[in-house]
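Summary of structural features
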Amino acid sequence: MSKNNADDLPIFNGLLAFGKQIVKSRDMIWAMALRDFQIRHIGTVGGAIWAVVQPLALVTVFYFVFAVGFRVQSPENTPFILWFVAGQVAWTFFNDNLLSITSSVTGNAHLIKKTVFPSEIFAVIRVVSGTISHLIFFAILVLMTIFLNIPFHIERILVLYYYFSMVIFVLGLGWLLSALEPFFRDISQAMGIILNVWFWATPIVWPENIIPERYHWVLDYNPIYYLVTGYRQSMIYQTVIWPDPWSTAYFWGVTAILFLLGITVFNRLKPEFVDVI
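We now turn to the structure provided with this report. Residue positions are given per chain, counting from 1 as you read along its sequence in written order. At least 70 in pLDDT is required for a residue's local features to be given in this predicted model, at least 80 for side-chain atom pairs to be given and counted, and no such filter applies to totals for whole chains, interfaces and linings, which use all residues. Side-chain numbers come from the whole structure's heavy atoms, not from hydrogens or water.

Assignment of secondary structure puts Glu 208 in the loop between helix H10 (186-201) and helix H11 (217-220). Buried and without a salt bridge, Glu 208 has Arg 232 as its closest oppositely charged side chain, separated by 4.8 Å. Whether two residues touch is decided by their heavy atoms; if any such pair falls within 4.5 Å, the residues are in contact. If near-sequence neighbours (up to four positions away) are discounted, Glu 208 is found in contact with Trp 83, Pro 203, His 216, Leu 219 and Tyr 225. Counting from the N terminus, the helices are DSSP H or I runs at least four residues long and the strands are E runs at least two residues long. Per-residue accessibility, obtained with a 1.4 Å probe over protein chains only, is compared with the maximum for each type, and a residue is labelled buried under 20%, exposed over 50%, and partly exposed between these values. We treat Lys and Arg as the positive residues and Asp and Glu as the negative residues; His and chain ends play no part in the count. The salt bridge definition used is simple: a Lys or Arg side-chain nitrogen within 4 Å of an Asp or Glu carboxyl oxygen.

Our focus in this paragraph is unusual backbone geometry. At Asn 149, a residue that is not glycine, the phi angle is positive and equals roughly 60°. Its location among the elements puts Asn 149 in the loop between helix H8 (121-147) and helix H9 (158-180).

A helix is expected to span 1.5 Å for every residue after the first. Counted at 1.5 Å a residue, the expected span for H9 with its 23 residues is 33 Å, and the 34 Å between its end C-alpha atoms agrees. The buried fraction of H9 amounts to 18 of the 23 residues, a majority that puts the element mostly inside the structure.

The next subject is the packing of aromatic side chains. Each aromatic pair joins two rings of Phe, Tyr and Trp (for Trp, the six-membered one) with centres within 6.5 Å, and gets the label stacked for planes under 30 degrees apart, edge-to-face for over 60, and tilted for any other angle. In the structure shown here, the tally under the stated rule is 28 aromatic pairs. Relative to Phe 169, the ring of Phe 94 has its centre 5.8 Å away and its plane inclined at 35°; by these criteria the two rings are tilted. You can see Phe 94 sitting in helix H5 (residues 80-102) and its partner Phe 169 sitting in helix H9, a full 75 residues away along the chain. The interplanar angle of 85° and the centroid separation of 5.9 Å between the aromatic rings of Tyr 221 and Trp 246 together place this pair among those described as edge-to-face. On the criterion of sequence distance, the pair formed by Tyr 221 in the loop between H11 and helix H12 (223-235) and Trp 246 in helix H13 (residues 245-269) is long-range, its members being 25 residues apart.

Glancing now at the packing of H5 against H9. The angle between the axes and the distance between the axes are what describe a pair of packed helices. To define axes, lines are fitted to C-alpha atoms, for helices over the stretch in contact only, and angles between the resulting N-to-C directions are given on a 0 to 180 degree scale. For the pair H5 and H9, the least separation of the axes is 9 Å and the interaxial angle reads 25°. It follows from the interaxial angle that H5 and H9 lie roughly parallel. Between H5 and H9 the crossing geometry is right-handed. Contacts between H5 and H9 involve Ala 90, Phe 93, Phe 94, Asn 97, Leu 98, Ile 101 and Thr 102 from the former and Tyr 163, Met 166, Val 167, Phe 169, Val 170, Leu 173, Gly 174, Trp 175, Leu 177 and Ser 178 from the latter. Only Asp, Glu, Lys and Arg are considered charged, only Ala, Val, Leu, Ile, Met, Phe, Trp, Tyr, Cys and Pro nonpolar, and every remaining residue, Gly among them, polar. Per-class residue counts for the contact of H5 with H9 are 13 nonpolar, four polar and no charged. Oblique is the label for every angle not falling under 35 degrees (roughly parallel), over 145 degrees (roughly antiparallel), or within 65 to 115 degrees (roughly perpendicular). A crossing counts as left-handed when the near helix is turned anticlockwise from the far one by less than a right angle, and as right-handed when that turn is clockwise.

Spelled out as structure tokens, the structure:
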């Protein structure tokens, strides 16, 4: 593609501009991400211990409610606790990052109003900060696989593909929502409800085999189901299960649309942020 042809494509230009800005601001992104993590954890009395205690407490509660109370059985003869944690690791990263990205523009109004600040990096900052917490939760999952004698295979690095896929998905959706949120403040409140419904509509604490086969298409069109299943197939079974080609094509089709739409909408609305926040 020639330079002149590229200039005629606003989506291409927006994508290129976003990429250049992120690379240019990489040192600031890292510094602000560390600060964000420290504010949420290090600044408390318990310090970084909370980054470990919180996921452990969540796992404990869900385990006793569903495994002990309701006696939910996980598929593939896998211990329920391991099956649940693998799905929850993926969901927590998606949920926490999407919520924080959605309100990232209005939450940093002081930077946007007083300086010429590249607001598009707020989403990346949240993802980098969230990755630190994600690694802690993921380390708990790895320790559980070791304790439960799940064999290690080099193919388990496939989980990195699912992590990358989730980052692209949450960035695209996050840029879209964070661009709209200054104009429609109800979005942040609505997202809490939507994500709660989304959580229960995704087989994280309940196995997909409990619903009739004719309704499985609902799961197939849920992008988070692809990611949750991917984390499980990469980490907790005796052998690594590779992603289904149709599910992969569908996921990346949705993700590509959201990613380009998020960048386009953010670029269009960015000049107006200072007037509405």
